[in-house]
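For reference, the chains in residue letters:
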Amino acid sequence: MIVKLVRRHSRALIWTLFGLGSVIWHLPLGAVSIVAVLMLAGVISLRKWGVLRQLASAYVFFTLLWAGGRVGFGLYNGMEFNQAVWLGCDLALRVSVIAASGASLLLLFSPYEIAREVGLSLRKVSPNHYWKLSLALLVMLSFIHTAMLSWQTLRQTIQMRAGKLHVYERIRLTGWAMLRLLSRQTWERALCIAGRNLDRPEAWD
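J.: Help me understand the overall build of the protein in this model?
T.: In terms of helices and strands, the protein carries eight helices and zero strands. If you list the helices and strands of the protein from N to C, you get α-α-α-α-α-α-α-α. Residue burial in the protein is summarised as follows: out of 205 residues, 35% are buried. Across the protein, the fraction of contacts at a sequence separation of at least 24, relative to all contacts at a separation of at least 6, is 74%. Total accessible area on the protein stands at roughly 13,200 Å², and carbon and sulfur atoms take up 67% of it.

Have a look at this one:
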């Protein structure tokens with residue numbers, strides 16, 4: 001039922017989730033908390049547990065990294081501990097809402113569907129170049145989607161084969177492996193674009 005409703009209003013939903021990423025930074029904390037609960041309920045209702053688990057681990061790591069950095073910078077600048085932790089929690093909640101918006105998009109639509117709908121929305125504004133925006137957005141979303149899905153597998157592989165390494169060495173190895181994976185995706189994306197003629201406006205009509 002939810003999926004059918006989403007498909008009927010896909011363009012409006014995509015733009016709503018895009019806009020939420022900007023608006024969420026200006027809302028009061030109480031409103032952000034309500035949005036966070038609604039977003040969490042919406043994501044859970046999709047029941048795509050396999051993909052959701054893979055995305056969740058990467059998003060949680062990303063959120064904790066930013067929140068921890070915010071707390072650290074606050075303490076470094078002389079803030080009291082309670083105030084620094086409160087600001088870190090505030091940032092974590094806002095980043096979580098943005099992460100839930102991104103997860104919703106990736107669970108509901110393919111990167112091509114998102115890029116195509118956004119491009120078609122702007123066709124009247126830029127009739128000759130709207131498809132270039134769609135192509136650029138597709139490339140960006142494809143990289144993000146690949147990175148998110150590869151994170152869980154990469155982390156498990158490093159735990160199995162390099163579990164005895166020091167934490168710093170494991171972080172360095174993870175970063176190096178992710179860069180290798182994404183750099184290899186550059187060539188594969190180029191072949192995919194050429195093979196499907198995505199570098200032509202006809203592919204986005």
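J.: What am I meant to see in the pattern of salt bridges here?
T.: Side chains bearing opposite charge may pair, as long as their charged atoms lie close to each other. Considering all chains together, one arrives at one salt bridge under this definition. Residue Asp-90 is joined to Arg-94 by a salt bridge in which the shortest nitrogen-to-oxygen separation is 2.9 Å. Remark: Arg-94 and Asp-90 occur in helix H5 (residues 81-108); sequence separation between them is four residues, near one turn of the helix.

J.: Explain helix H2 (residues 10-23) here, please?
T.: An α-helical turn contains 3.6 residues, so any two residues separated by three or four positions project in the same direction. Along its 14 residues, H2 runs 20 Å from first to last C-alpha, staying within 8% of the 20 Å computed at 1.5 Å per residue. Within H2, burial applies to Ser-10, Ile-14, Leu-17, Leu-20 and Gly-21. Projected onto a plane normal to the axis of H2, the buried residues spread over an arc of 120° and lie on a single side.

J.: Explanation requested: the environment of Met-79 in the structure shown.
T.: Relative to the assigned elements, Met-79 resides in the loop between helix H4 (49-76) and H5. For Met-79, a relative accessible area of 27% translates into the label partly exposed. Each residue touching Met-79, except ones within four places of it in the same chain, is listed here: Arg-70, Gly-74, Ala-84 and Leu-87.

J.: What exactly am I supposed to notice about the packing of helix H3 (residues 29-45) against H5 here?
T.: Contact geometry of H3 with H5 gives a least axis separation of 9 Å together with a crossing angle of 35°. Viewed along their axes, H3 and H5 form a crossing whose handedness is left-handed. Taking contact as the criterion, the partners of Leu-29, Val-32, Ser-33, Val-35, Ala-36, Met-39 and Val-43 in H3 are, on H5, Trp-86, Asp-90, Leu-93, Arg-94, Val-97, Ala-100, Ser-101, Ser-104 and Leu-107. Residues of the contact of H3 with H5, tallied by class, amount to 11 nonpolar, three polar and two charged.

J.: What exactly am I supposed to notice about the nonpolar core here?
T.: In globular proteins that are soluble, nonpolar side chains generally tend to be buried together. Grouped together as the largest cluster of nonpolar side chains are 29 residues, with contacts concentrated most on Met-39, Val-97, Ile-114, Leu-198 and Trp-204. At six residues, the largest contribution of residues to this core is made by helix H7 (residues 130-161). Beyond its immediate stretch of four places on either side in the chain, Trp-204 contacts Tyr-112, Ala-115, Arg-116, Leu-120, Tyr-130, Trp-131, Ser-134, Leu-135, Leu-138 and Leu-198.

J.: What is the right way to read the environment of Gly-68 from this model?
T.: Looking at where Gly-68 falls in the secondary structure, it is placed in helix H4. A residue is classified by how much of its surface remains accessible, and Gly-68, at 41% relative accessible area, is partly exposed. Sequence separation between Gly-68 and Cys-89 is 21 residues, and the spatial gap between their C-alpha atoms is 9.0 Å.

Calculation criteria
- Residues numbered from 1 in each chain as written.
- Predicted model: local features only at pLDDT ≥ 70, side-chain atom pairs only at ≥ 80, totals over all residues.
- Heavy atoms only, no water.
- Helix = DSSP H or I, 4+ residues; strand = E, 2+ residues; numbered from the N terminus.
- Buried < 20%, exposed > 50% of the residue type's maximum accessible area, 1.4 Å probe, protein only.
- Contact = heavy atoms within 4.5 Å.
- Areas by Shrake-Rupley, 256 points an atom, 1.4 Å probe, with all protein chains shown as cover.
- Salt bridge = Lys/Arg side-chain N within 4 Å of Asp/Glu carboxyl O.
- Expected span 1.5 Å × (residues − 1).
- Arc of directions from axis to C-beta.
- Axes fitted to C-alpha atoms, helices over the stretch in contact; angles between N-to-C directions.
- Left-handed = near helix turned anticlockwise from the far one by under 90°.
- Nonpolar A, V, L, I, M, F, W, Y, C, P; charged D, E, K, R; others polar.
- Core = buried A, V, L, I, M, F, W, Y, C linked by side-chain atoms within 4.5 Å.

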